[in-house]
Amino acid sequence: MAASSRAQVLDLYRAMLRESKHFSAYNYRTYAVRRIRDAFRENKNVKDPVEIQTLVNKAKRDLEIIRRQVRMTRINCDMEFREEI
Amino acid sequence: MLLRTAWRRTAAAVRAAPGLRSEAPARGLRLRVVDHAPQSAVPSDTATAPEVESVLRPLYMDVQATTPLDPRVLDAMLPYLVNYYGNPHSRTHAYGWESEAAMERARQQVASLIGADPREIIFTSGATESNNIAIKELEAAIQPDTSLVSVMTVNNEIGVKQPIAEIGQICSSRRVYFHTDAAQAVGKIPLDVNDMKIDLMSISGHKIYGPKGVGAIYIRRRPRVRVEALQSGGGQERGMRSGTVPTPLVVGLGAACEVAQQEMEYDHKRISKLAERLTQKIMNSLPDVVMNGDPEHHYPGCINLSFAYVEGESLLMALKDVALSSGSACTSASLEPSYVLRAIGTDEDLAHSSIRFGIGRFTTEEEVDYTVEKCIHHVKRLREMSPLWEMVQDGIDLKSIKWTQH
C-alpha cells in the first residue's frame, strides 16, 4: 500500500469530522469534533512515513468506530420516544 | 397523563419532519428542563424543526458520581453482548475460547494502565467489592506485626490527591500492607503499583467512562499478598473471586483503561484548563467562596466550593439545569453534611454550603460557562434573600451572635 499522501490525510480528516457531527448526543459530538481537530493538529508535522501510516491506520479504525456509534446512539435515541411502561 | 400525550405529539412531529437526524444539530447550549418527570425527558439535541419543542436534559457536571460510556468503550463491548456470548470458562469450544481471549486481553489492558502484571488483576463487580476483599485480607492474615493501611488515591468529594508514593514507601519499610481505593484516580493521574509500592488497589469501571457493574482488584504477587475470597463457588479468578467473569463488562473495563492510557495527558490538560476557568470566574465574581481541599495536591476535575451564607441544597435546586451534587452520592440520601468536609475542619455552616463540580473528558467550555453563569446568578439571588448575608453586609460578626436565649 502506498504511503498516505497529504490529500488522503485531509480526506480522512474531513470524513471524520463530517461523521462526528452526526452524533446525536451533545457531549459525544463535541468531544469527537474537538478531539479529531486537536489530534490532527498535534501530528501535522510528523515526517516519518511509517509513523504517518500508523496514525492514518488508527484514524481509519476510529472513523469506523464513529460510524458505528453514530448509528448506535441514533437508534437508541429513537427508542426514547417509546412509551414508558 | 397530559405530559405523555404532549410528548407523543412532539414525538410524532419530530418523526414526521423529514431528514432531521441527518442534519448537523442546530442547538448550541439551549436548555429547557422540564420540572415534571425528568426521567422521561428526551435527550433531543439533534436538529429540531422550529415548530417542535424539544424536552432537554440538564448538563452533566457530576462525573464523580458516574461517567458516561466512552463511545470507543461501547464499540468494544457490543460484539460480546450480541455475538460472542460464550462463557469465558468454557474450555471445550470456540465460544469459550474467544470469550476467554477477550477477557485476558482486557486483563492486560487494565494491568498496563497501572504498571502491573496481568496475573495480579482480579475482576470484580466494582471498587466496593474490591475494597471489601482487600479489607478482609487483614482479618485473614492478622499477626502481631501485620496490619493494613488503606487510603483513597483521589478523594471523590473534594478531589484531594493523597501522597501515595510516600505512604507506599513507609508501608513497605515497615512491612505493612498498603491498599488504595483508586476509583477516582485510575486513568486520570499516572499510577504505577511498583513505583508507589502499592500492594492492593481497587478499580472501578464506571468512574473511567466504562460500564457499571464491573471493577477490578490489583493484588501484588511479589511479595505475595494473600487474600481471602469474599464469595466462593467455582474457583474462577484464581479462586479469589468465584463467579462467571462477565466478558462484555470486562471488555468494557479493559477498553476504558486503554483509552484512558492514551488520553490521560490530553484529558488532564484540558480538564485543568476548564477547572481553572470555572474557579477563577466564580471567585472573581462572588465574595466569600471557599475551595475545599488542598489546592496544591488536587485533581482538577473535582472542584468542591463552599458559598458562604447560601444553603447548599437550595443552590442545587436552583441550579436545576445542571446535574450537580453536594457531597458524595453514597451519602446524598441523608441531610448530614459531608464527613469529608467535617474531617478537614470545615465550619458546620460552610459544610452545608458546599457544591461539587465535576469536569470530565466530555465537558465543554460552553457547559462550564453556563454553569458558572447560573451559579453566580443564583448565589447572588439567594444571598439577597438571606438574613445572615444582610447582617454580614451591615458589619455584624456572626460569631458574636447569641442564637439562643437560654
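Looking at an unreviewed UniProt entry, one finds chain B named cysteine desulfurase and attributed to Suricata suricatta. Its UniProt record gives chain B a comment under Sequence similarities (unreviewed entry), which states: "Belongs to the class-V pyridoxal-phosphate-dependent aminotransferase family. NifS/IscS subfamily." As recorded by UniProt, the Cofactor (unreviewed entry) comment attached to chain B reads in full: "pyridoxal 5'-phosphate".

With an unreviewed UniProt entry as reference, chain A is termed Complex 1 LYR protein domain-containing protein, source organism Suricata suricatta. What UniProt records for chain A under Sequence similarities (unreviewed entry) is the sentence "Belongs to the complex I LYR family."

Undergrad: Can you help me understand the packing of aromatic side chains in this one?
TA: Any pair of aromatic rings gets described here by the distance separating the centres and the angle formed by the planes. Under the criterion given, the structure shown has eight aromatic pairs over all chains. Aromatic pair Y31(A) and F362(B): ring centres 4.9 Å apart, planes at 70°, arrangement edge-to-face. Highlighted residues: Y31(A) in helix α2 (residues 26-42) and F362(B) in the loop between β10 (354-358) and α10 (365-384), drawn from two different chains. Residue Y31(A) shares its accessibility class with F362(B), and that shared class is buried. Geometrically, the ring pair formed by Y309(B) and W389(B) is tilted, given 5.6 Å between the ring centres and 50° between the ring planes. Of this pair, Y309(B) sits in the loop between β8 (302-307) and α7 (312-318) while W389(B) sits in helix α11 (residues 387-393); the two residues are 80 residues apart in sequence, bridging distant segments of the chain. Assessed through its relative accessible area of 24%, Y309(B) is described here as partly exposed. Given a relative accessible area of 12%, W389(B) falls into the buried group. Members of the aromatic cluster, each reached through a chain of ring pairs, are F23(A), Y28(A), Y31(A), Y209(B) and F362(B). Stacked on the ring of Y266(B), the Lys or Arg R35(A) has its end atom at 3.8 Å from the ring centre. Stacked on the ring of W389(B), the Lys or Arg R383(B) has its end atom at 4.8 Å from the ring centre.

Undergrad: Please explain the packing of helix α1 (residues 6-20) of chain A against α2(A) as it appears in this structure.
TA: Residues and elements named next belong to chain A. Interhelical geometry of α1 versus α2 gives an angle of 165° and a closest axis separation of 9 Å. On the basis of their axis angle, the class for α1 and α2 is roughly antiparallel. The crossing of α1 and α2 is left-handed. Taking contact as the criterion, the partners of V9, Y13, M16, L17 and S20 in α1 are, on α2, R29, A32, V33, I36, R37 and F40. Across the contact of α1 with α2, the residue classes tally to eight nonpolar, one polar and two charged.

Procedures and definitions
- Residues numbered from 1 in each chain as written.
- Chains lettered and ligands numbered in written order.
- Predicted model: local features only at pLDDT ≥ 70, side-chain atom pairs only at ≥ 80, totals over all residues.
- Heavy atoms only, no water.
- UniProt positions renumbered as here; feature names shortened; annotations may be inferred.
- Phe/Tyr/Trp six-rings, centres within 6.5 Å; stacked < 30°, edge-to-face > 60°.
- Helix = DSSP H or I, 4+ residues; strand = E, 2+ residues; numbered from the N terminus.
- Buried < 20%, exposed > 50% of the residue type's maximum accessible area, 1.4 Å probe, protein only.
- Lys NZ or Arg CZ within 6 Å of the ring centre and 35° of its normal.
- Axes fitted to C-alpha atoms, helices over the stretch in contact; angles between N-to-C directions.
- Parallel < 35°, antiparallel > 145°, perpendicular 65-115°, else oblique.
- Left-handed = near helix turned anticlockwise from the far one by under 90°.
- Contact = heavy atoms within 4.5 Å.
- Nonpolar A, V, L, I, M, F, W, Y, C, P; charged D, E, K, R; others polar.

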